[in-house]
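# Structural features, examined
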Amino acid sequence: RFKGPNGRPVFSPDGQYLSFSQSTGEGNFTMYEIDQLHLYHIPSGKVTNLSATIDRSVEGPVWSADSKFIYALQEDDRKQHIVEFDVAKKSNRKLTAEAGVYSSLDINAKGQMVALYADKDTPNEIYIRKENGFSRLTKLTEEFLAPLKPVYVKGFEAVSVDKNQVSGILYLPDSSAKNLPLVLFIHGGPVAQDAYAFDMSRQVLAGAGFAVAAVNYRGSSGRGLAYTKAIYADWGNKEVKDIIAVADYLVKAGIADP
């Protein structure tokens with residue numbers, strides 16, 4: 001299953017390579033697999049898996065103007081980073097580490113890199129990469145946010161009945177809120193992750209007085225292949241234990257009304 005931006009492989013500017021994301025699965029059913037970044041050398045026909053050492057999905061590859069690097073997006077436990085892959089050395093490094101979500105990565109012919117970035121308090125804005133990191137270009141959402149009372153958003157971890165570590169994101173009216181009605185607002189899928197990006201629906205519910213928990217139960221992405229495949233052919237079991245464990249955790253912490 002070959003995937004680049006818009007589902008197509010991407011040619012390097014020098015015409016020597018194709019880059020593409022390909023699922024780890026070899027069969028037709030790849031729902032619970034992760035996507036890995038591959039490099040196809042056109043003259044030799046050699047294919048190299050550039051992200052074999054990364055147990056996370058890597059998608060949306062774009063090339064540097066000099067064809068020396070590929071940049072792609074990588075999920076990682078409620079975050080989404082930008083990763084740089086060195087074509088010659090077959091190595092990689094993260095360019096970002098923020099508790100947020102980079103998306104819509106692109107590079108122009110001059111080598112200028114731009115991306116959308118959102119965090120738990122701010123919707124998507126455009127950022128540009130400079131020597132010391134990414135700098136915000138736009139402030140399109142400031143007017144929208146200005147009259148709103150901020151809600152309190154934080155990450156959390158809970159332990160399921162079978163000792164699985166469950167990560168999630170909690171939305172509250174304020175940091176001291178206690179004994180609230182709880183909404184378990186979980187993502188669909190079957191494969192996805194809730195991340196540190198601005199979420200309007202959960203913000204509205206928290207502002208109305210609810211405790212809202214986004215739960216990355218087993219089957220979610222961002223935690224590696226084994227975590228994603230844990231519910232294969234076994235729906236309604238492990239992921240339910242994880243969700244119930246979060247409810248129990250929040251009740252015990254005094255946040256959710258039992």
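Residues numbered from 1 in each chain as written. Predicted model: local features only at pLDDT ≥ 70, side-chain atom pairs only at ≥ 80, totals over all residues. Heavy atoms only, no water.

### Here's the deal with the pattern of salt bridges
The condition is simple: Salt-bridge detection follows one rule: a side-chain nitrogen of Lys or Arg within 4 Å of a carboxyl oxygen of Asp or Glu. Think of it this way: any DSSP run of H or I at least four residues long counts as a helix, any run of E at least two long counts as a strand, and we number them from the N terminus.
What the rule picks out here adds up to 12 salt bridges. We note a salt bridge from Asp76 to Arg56, for which the minimum N-O separation is 3.0 Å. Taken together, the residues Asp76 in strand β7 (residues 69-76) and Arg56 in the loop between β5 (46-49) and β6 (58-63) connect sequence positions 20 residues apart. By sharing partners, the salt bridges in this structure join Arg56, Asp76 and Lys94 into a single network.

### Side note on helix α2 (residues 200-207)
The periodicity of an α-helix, 3.6 residues per turn, causes residues three or four positions apart to be oriented the same way. In plain terms, the rule: When accessible area is computed with a 1.4 Å probe and restricted to protein chains, residues below 20% of their type maximum are described as buried, those above 50% as exposed, and intermediate ones as partly exposed. The arc under discussion is defined with respect to the helix axis, by the directions toward the C-beta atoms. Note on definitions: a residue-residue contact is assigned when non-hydrogen atoms from the two residues lie within 4.5 Å. Pairs of N or O atoms within 3.5 Å make up the polar contacts considered here, provided that, within protein, one atom can donate a hydrogen while the other can accept it, and that residues adjacent in sequence are counted only when both atoms are side-chain atoms.
Within α2, the full set of buried residues consists of Arg202, Gln203 and Ala206. Buried residues of α2 fall within an arc of 105 degrees about the axis and therefore sit on the same side. At its buried positions, α2 is contacted by β14 (152-159), β15 (165-172) and β17 (211-216). Near the N-terminus of α2, the side chain that reaches the backbone nitrogen of Ser201, with its oxygen 3.3 Å away, is that of Asp199.

### A closer look at the confidence of the model for the protein
For clarity, the threshold we go by: Per-residue confidence from the predictor is reported as pLDDT, which spans 0 to 100.
Predicted confidence across the protein gives a mean pLDDT of 92, with 94% of residues reaching 70 or more. Across residues 1-7, confidence stays below pLDDT 50; counting only partners more than four residues off in sequence or on other chains, it has 22 contacts.

### With respect to the sheet that holds β14
Sheets are built from strands paired through backbone hydrogen bonds, the pairs being either parallel or antiparallel. Which entries qualify depends on this criterion: DSSP bridges decide pairing: two strands pair if at least two such bridges lie between them. Here an axis means a line fitted to C-alpha atoms, over the contact stretch when the element is a helix, while the angle between two N-to-C directions is reported on a 0 to 180 degree scale.
The sheet built from four strands is open, its strands ordered β14-β15-β17-β16 with mixed pairing. At either margin of the open sheet sits one strand with a lone partner, and together these are β14 and β16 (182-184). When the angles between neighbouring strand axes are averaged without regard to direction, this sheet yields 25 degrees. Two elements, β15 and β17, share five bridges in a ladder whose sense is antiparallel. Bridged to Gly168 within β17 is Val215. Across the sheet, helix α4 (residues 238-252) lies against β14, β15, β16 and β17, angled at about 115 degrees from β14, the strand it touches most.

### Topic: a nonpolar patch on the surface
Condition: Like-charged residues are merged into a patch within 9 Å and nonpolar side chains (Val, Leu, Ile, Met, Phe, Trp, Tyr) within 5 Å, provided each residue has over 30% relative accessible area and no salt bridge. Residue burial considers only the protein chains on display, and all accessible areas are found by Shrake-Rupley using a 1.4 Å probe.
A cluster of nonpolar residues, Phe144, Leu148, Met200 and Val204, forms a patch on the protein surface that exposes about 360 Å² of accessible area. Mapped onto the secondary structure, Met200 falls in helix α2. Classification of Met200 by relative accessible area gives partly exposed; the value is 42%.

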